[in-house]
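Given next are the chains, with one letter for each unit.
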Amino acid sequence: MTLNLTDITEAFDLMDDDIHYIYDRQTQEVQLQGADDLNLDEDALLDDDDWDEADDDRYVALPSQFDIDDYQIMADFIAQLPAGEAQNALDRSIQGRGAFRFFQDTLPRFDLEDTWYHYRDEAYRTIARDWCQENNIAYHEESAK
């Protein structure tokens, strides 16, 4: 059995300061860790004591939101666009405070939402592939539909 890259990339979408994910080599599943504010089965989560006692080789932390540079992914997306109004407006949108919101608000003006999400998803898949390879985790990718 191999890990589906989609399980990892979906976890990337859901991460924040309080929510992170691990991969359990024994069950071969991605598991949520740190869900204080969510209505989840808390017994299914590893607490700090269990983590310390767990076999260090069993659990592997997925890249955190701090390991994934979403700002750089946005900047790279903008850089690969053709020169022009869309590229200029998106470049301005990521300057200063509120960059992520301004970027998201600017995309529809140029009908680039689907293009952006495809680009970001591919960047996430690349990060997931690299993480699997670095941690010797067998993976597979679902074929495009």
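Data block above holds the structure.
Thresholds applied
- Residues numbered from 1 in each chain as written.
- Predicted model: local features only at pLDDT ≥ 70, side-chain atom pairs only at ≥ 80, totals over all residues.
- Heavy atoms only, no water.
- Salt bridge = Lys/Arg side-chain N within 4 Å of Asp/Glu carboxyl O.
- Helix = DSSP H or I, 4+ residues; strand = E, 2+ residues; numbered from the N terminus.
- Buried < 20%, exposed > 50% of the residue type's maximum accessible area, 1.4 Å probe, protein only.
- Core = buried A, V, L, I, M, F, W, Y, C linked by side-chain atoms within 4.5 Å.
- Pairing = 2+ DSSP bridges.
- Axes fitted to C-alpha atoms, helices over the stretch in contact; angles between N-to-C directions.
- Left-handed = near helix turned anticlockwise from the far one by under 90°.
- Contact = heavy atoms within 4.5 Å.
- Nonpolar A, V, L, I, M, F, W, Y, C, P; charged D, E, K, R; others polar.

Colleague: Which parts of the structure should I look at to understand the pattern of salt bridges?
Modeller: Where side chains of opposite charge bring their charged atoms close, a pairing between them can arise. All chains considered together, the criterion is met by 6 salt bridges. Here E122 makes a salt bridge to R125, at a shortest N to O gap of 2.8 Å. Pair noted here: E122 and R125 are both in helix 6 (residues 113–134), with a separation of 3 residues, about one helical turn. Given the relative accessible area of 24%, R125 is considered partly exposed. Put simply, E122, R125, R129 and E141 are held in one network by salt bridges that share partners.

Colleague: Whenever I open this one, the nonpolar core confuses me. Can you help?
Modeller: When a protein is soluble and globular, its nonpolar side chains tend to lie buried together. Core analysis: the largest hydrophobic core is formed by 31 residues, its most contacted members being I8, F12, L62, F77, L90, F103 and W131. In terms of residues, this core owes the most to one element, helix 6, which gives 6 residues.

Colleague: Explanation requested: the sheet that holds strand 3 (residues 29–33) in the structure shown.
Modeller: With antiparallel pairing, 3 strands are arranged side by side in an open sheet as 3-2-4. Of all the strands in the sheet, the pair left with one neighbour each is strand 3 and strand 4 (59–61). Pairs of neighbouring strands in the sheet enclose a mean axial angle of 35°, with direction left out of account. Bridge analysis of strand 2 (residues 20–24) against strand 4 gives 3 bridges, and the strand direction is antiparallel. In the strand pairing of strand 4, D24 is matched with Y59.

Colleague: What am I meant to see in the packing of helix 3 (residues 70–80) against helix 5 (residues 99–106) here?
Modeller: How two helices pack is summed up by the angle between their axes together with the distance between the axes. Following both chains from N to C, one finds helix 3 and helix 5 inclined at 35°, their axes separated by 11 Å at the closest point. Note that helix 3 runs across helix 5; the crossing there is left-handed. Between helix 3 and helix 5, the residues in contact are D70, Y71, M74, F77 and I78 and A99, F100 and F103, respectively. Class assignment for the residues of the contact of helix 3 with helix 5 results in 7 nonpolar, no polar and 1 charged.

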